[in-house]
Every structure is written in C-alpha cells, then in structure tokens.
Amino acid sequence: MPELPEIQALAERIDAALSGATLTRAEPLAFSALKTVSPSVEELGGKGLRSVGRRGKFLVMDLGNLRLLVHLSQAGRVIFEAAGATSRPKGAVARFHFEREPTLLIKEFGTERKAGWWVMSAGEEGPVAKLGPDPFSQEFAQVILDGDDPGRLHSLLRDQRRVAGVGRGYSDDILHRAKVSPYRSLASLDGQERARLLDAVRSVLTDGLEVERRRTGGLPPKLGDHWIVHGRAGTPCPACRADLRRVSYESHEVTYCPACQTGGRILADRRLSRLLK
Ligand SMILES: [Zn+2]
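The rules behind the values
Residues numbered from 1 in each chain as written. Predicted model: local features only at pLDDT ≥ 70, side-chain atom pairs only at ≥ 80, totals over all residues. Helix = DSSP H or I, 4+ residues; strand = E, 2+ residues; numbered from the N terminus. Rg over C-alpha atoms; globule rule 2.2 N^0.38 Å. Buried ≥ 20, exposed ≤ 12 C-beta atoms within 10 Å, placed from the backbone. Contact = placed C-beta atoms within 7 Å. Expected span 1.5 Å × (residues − 1). Axes fitted to C-alpha atoms, helices over the stretch in contact; angles between N-to-C directions. Parallel < 35°, antiparallel > 145°, perpendicular 65-115°, else oblique. Left-handed = near helix turned anticlockwise from the far one by under 90°. Nonpolar A, V, L, I, M, F, W, Y, C, P; charged D, E, K, R; others polar. Pairing = 2+ DSSP bridges. Domains from an automatic or database assignment.

1. What about the overall build of the chain?
Scanning the chain for helices and strands turns up 7 helices and 11 strands. Since a compact globule built from 277 residues should have a radius of gyration of about 19 Å, the 20 Å found for the chain is in line with a globular shape. Taking the principal axes of the C-alpha coordinates as reference, the chain spans close to 60 × 40 × 35 Å. Counting the 277 residues in the chain, one finds 38% classified as buried. For the chain, contacts bridging at least 24 residues in sequence account for 64% of all contacts bridging at least 6.

2. A word on helix α1 (residues 4-18)
For α1, spanning 15 residues, the distance from its first C-alpha to its last is 21 Å, which sits close to the expected 21 Å at 1.5 Å a residue. Extensive coverage of α1 is indicated by the burial of 11 of its 15 residues. Of all the positions in α1, only Leu4, Pro5, Glu6, Ile7, Gln8, Ala9, Leu10, Ala11, Arg13, Ile14 and Leu18 are classed as buried. Those residues of α1 that are buried lie in contact with β3 (51-55), β4 (58-63), β6 (76-81), β7 (92-98), β8 (103-108) and α5 (191-212). The first or second residue beyond α1 is Gly20, which carries a positive phi of 95 degrees.

3. Looking at the packing of helix α4 (residues 168-178) against α5
One can describe the packing of α4 onto α5 by two numbers: an axis separation of 8 Å at closest approach and a directional angle of 130 degrees. When the axis of α4 is compared with that of α5, the two are oblique. In this structure, α4 meets α5 at a crossing whose hand is right-handed. Residues Tyr170, Asp173, Ile174, Arg177 and Ala178 of α4 touch α5, and the partners they reach there are Arg196, Leu197, Ala200, Val201, Ser203, Val204, Leu205 and Gly208. Along the lines of polarity and charge, the residues of the contact of α4 with α5 split into 8 nonpolar, 2 polar and 3 charged.

4. Structural notes on the sheet that holds strand β9 (residues 116-121)
Spatial ordering of the open sheet is given by β3-β4-β5-β9, a layout of 4 strands whose pairing is antiparallel. Since the sheet does not close on itself, it has two edges, and those belong to β3 and β9, each with one partner. If you compare each strand with its neighbour and ignore which way they point, the axes differ by 20 degrees on average. As paired elements, β4 and strand β5 (residues 66-71) share 6 bridges and run antiparallel to each other. Across the sheet, Met61 pairs through a bridge with Leu68, a residue of β5. Running at roughly 170 degrees to β3, α1 makes contact with β3 and β4 of the sheet.

5. Details of the packing of helix α2 (residues 138-146) against α5
Here α2 crosses α5 at 150 degrees, and the two axes come no closer than 8 Å. For the pair α2 and α5, the crossing hand works out as right-handed. Only Arg194, Leu197 and Leu198 of α5 make contact with α2, whose side of the interface consists of Ala141, Ile144 and Leu145. Grouping the constituent residues of the contact of α2 with α5 by class yields 5 nonpolar, no polar and 1 charged.

6. A few points about the pairing of β3
By the alternation rule, side chains of β3 split into Val52 and Arg54, which are all buried, and Ser51, Gly53 and Arg55, of which none is buried. In this structure, the hairpin formed by β3 and β4 is closed by a connection of 2 residues, where Gly56 is found at a positive phi of approximately 60 degrees.

7. Considering the pairing of β5
Most of β5 is tucked away: 5 of the 6 residues are buried. Of the strand pairs in this sheet, β5 and β9 are connected by 6 bridges, and their pairing is antiparallel. Bridge pairing in β9 links His71 to Gly116.

8. Digging into the domain arrangement of the chain
According to the domain assignment, the chain consists of domain 1 (4-130) and domain 2 (138-276). Inter-centroid distance (C-alpha atoms) of domain 1 to domain 2 is 29 Å. Elements with a contribution of two residues or more to the side of domain 1 that touches domain 2: α1 and β6. The dominant element in the side of domain 1 that touches domain 2, judged by the number of residues it contributes, is α1, at 6 residues. Looking at the side of domain 1 that touches domain 2 residue by residue, the classes come out as 8 nonpolar, 2 polar and 5 charged.

9. As for the sheet that holds β7
Across the sheet, 5 strands lie side by side as β2-β1-β7-β8-β6; this open sheet has antiparallel pairing. In this open sheet, the two strands that pair with only one neighbour each are β2 (47-48) and β6. Taken together, the 5 bridges between strand β1 (residues 22-28) and β7 define a ladder with antiparallel strand orientation. For Pro28, the partnering residue across the bridge sits in β7 and is Ala94.

Take a look at the structure:
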C-alpha cells in the first residue's frame, strides 16, 4: 500500500502539474467512496487548486475555502489521464477534471474497495484529526525517546494515531535497520535502541522518498520494489546474508532477520500456534 514516501512524492507531482489550475469538475465514480455529503461535490467546480500536500497517508488538496482529501488505502492508485477521459474502468473511485492536463483518476486495483475521499471546508479536519504526529516531528521523537508503550513495535509503527504515514512495508524495513525485533515493545528498549529506532524510521522513509521522487506521472499498481526486507522472506538478509523469515501477525506477514533482529530466535506464528493447541 502507498505509505508516506509514495504519497508525499505523488503529492509533489500533482502539485507541480496542477497547482494554480481550476478544478472544473469532480466526478464520483463509486458508490460509498465519497465520505462526505456537505459541502457538495458540485461546489468543487470552479475552485482553483492552490497546493497539494500530504498528511499521514492522505493526499490533501487546498482549494481555497474547500479542502479535498483522498485516501488510497491498500490498492488505490492515481492515474494521470489525458483531458476529456470519460471511461469508467473497474475499481474507479473518482475523477477530477482540471482546466489543464492531467485529469486525475482514482482507481482501486484488486477487489478491496476501501479508498475514499472527503470534501470539506478549509478549517475542517475530518479524518486527519485522529492522526498522530509526522515521523519527522519533534513530537514523534519524544514518543520514541521517552514513551513506555507496552505493545509490539510493529503495531505501534503502523498505528496511524501514534505516528502518521507508516504501514506494513516500511515498518518491516525500519525495524530491520534498527536491528530490533518486531515483537519488542517501546517500553523494553534502552536509550541506544530508541535512538537507533528513531533514526531508522527517518532514514528508511527518507530513502524511500528519494526513490519515489524519481517517478513520473501517477502512482502505478505495483509499488515497493525498493523495499529492503519487506516481502523478501526466504532471500538473504542484505546486512548479514542469513535467510530472512516471515511470521503471520494480525492478518498480515512481517518479514525480519533472526540474526540481525531477534538474537537468532524464530518468532512464533500466533495463528499457527493457536491452531495447534
Ligand atoms: Zn541479517
């Protein structure tokens, strides 16, 4: 799924292409993807796009007295189209027409239908009100350096209320770079491990952003080809050459290196152990 680096770089591309242009029409293409009723979609027509930014994994479009938010969820993508596009492809969520190209098509690949968009007044927070601090903020540094959260680090990093913008992919890479187990808790880390974790969060996201900034156009279906360990179980760890392992956890898979992160220990698959009981 697109995370902070993908969304940030995408926001920058849309900003470069369309800031200053008038949004001529917003077209809902999927029932239930539009999460707001008022202000109406019609009110967006004729508004000038001032800037495009990001908050957590949300794209934020500033349209003066209105704000447009888009959340791509797992499989939502943005396609840059030529002007005048009228097709209605499978998984289409919405289309935004501007006075110049590109037209933006939001579309979901696969079968999940979770992407959404919000039309709000400028001052309204909507779904971003619940988001935690940005990974590069001082507030987040404080959480990592002083926090005593007893939950697992992998859950903490993916919890948008505690840090906004990190998902499954980058959290695997972050914990690998920090050399800590995904099952450790913040409370159990010493000062050195905390400093390493904070540094890993920021450096992994910065590296990801650097790669994402080389893209052109929208956001393609296939992402994450630059992940270091995520999705690469069974291949050698890039740091020590031991085999990367995976463990099922909260309905998805976590990839880690036993040699680098868990002192050689193989993490138990909780789903599997429950079945065996
Ligand atoms: Zn390793």
